Amino acid sequence: MLLGCQHKAQTQQMTFLVLPRTLSNDFHASLVAGVKAEALGQQIALDIQPTPTEDDYAFQIRQLQITGSKPAVQGVIIEPGHSANLLFTLQQFDQRGIPFIVVDNPLAFPNDYTLKHYCGFVGTDNQR
């Protein structure tokens, strides 16, 4: 899944920025464990930056601006702390050609909003 939105063959190890909402509960921790397992199998390095609290989207924006601006980051996996407030920052990634995957909390896109490198949403049905 992680390499599913890759546009060209890579000869070096890729690094993904991973922004989970928190690691303080089992759901979010299991989500990160799954990403780690998949990345290991595909030899992808991860820079995991969990938010201090579940709804701290400002932390996520800062991490996207700081860590995501490094040339070593070739992709982003984000569990948004807010469905609309991250759109501008993610649009900047999109314009730079950096693909991203949204997990658990879908983004609220305006009707005329198009992102070329948005690889999709992965969610749950909250059923057993």
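Residues numbered from 1 in each chain as written. Predicted model: local features only at pLDDT ≥ 70, side-chain atom pairs only at ≥ 80, totals over all residues. Heavy atoms only, no water.

Visitor: So what about the overall build of the protein chain? Which residues, and what values?
Guide: Along its length, the protein chain carries three helices and five strands. Mapped in sequence order, the helices and strands of the protein chain form the string β-α-β-α-β-α-β-β. Burial statistics for the protein chain: of 128 residues in total, 41% are counted as buried. Taking the contacts inside the protein chain whose residues are at least 6 apart along the sequence as the reference set, 62% of them involve residues at least 24 apart. When the accessible area of the protein chain is evaluated, it comes to approximately 7,200 Å², of which 50% is carbon and sulfur surface. (Helix = DSSP H or I, 4+ residues; strand = E, 2+ residues; numbered from the N terminus. Buried < 20%, exposed > 50% of the residue type's maximum accessible area, 1.4 Å probe, protein only. Contact = heavy atoms within 4.5 Å. Areas by Shrake-Rupley, 256 points an atom, 1.4 Å probe, with all protein chains shown as cover.)

Visitor: Tell me about the pairing of strand E2 (residues 44-48), and please be specific about residues and values.
Guide: In the sheet, strand E1 (residues 14-19) pairs with E2 via five bridges, with the strands oriented parallel. In the strand pairing of E2, Val18 is matched with Ile48. You can see the chain leave E1, run along helix H1 (residues 26-42) and come back into E2, and the turn it takes is right-handed. (Pairing = 2+ DSSP bridges. Right-handed = clockwise from strand over helix to strand, strands pointing away.)

Visitor: Describe the side chain of Thr51, and please don't skip the residues or the numbers.
Guide: Inspection of the secondary structure assignment puts Thr51 in the loop between E2 and helix H2 (57-66). Note on Thr51: relative accessible area 4%, which makes it buried. Among residues more than four places away in sequence, those in contact with Thr51 are Pro20, Arg21, Thr22, Asp56, Phe59 and Gln60.

Visitor: An account of the nonpolar core is requested, with residue identities and associated values reported.
Guide: Counting residues in hydrophobic clusters, the biggest one holds 16 residues, and the most contacted among them are Leu64, Val76, Ile78 and Phe100. Of all the elements in the fold, those that place two or more residues in this core are E1, H2, strand E3 (73-78), helix H3 (87-95) and strand E4 (100-103). When near neighbours in sequence (up to four residues on either side) are disregarded, Ile78 contacts Leu19, Gln60, Leu64, Leu86, Ile101, Val102 and Val103. Judged by nonpolar contacts, the second largest core, of 11 residues, contains Val18, Val35, Ile77 and Val103. (Core = buried A, V, L, I, M, F, W, Y, C linked by side-chain atoms within 4.5 Å.)

That is the geometry; function is a separate question.
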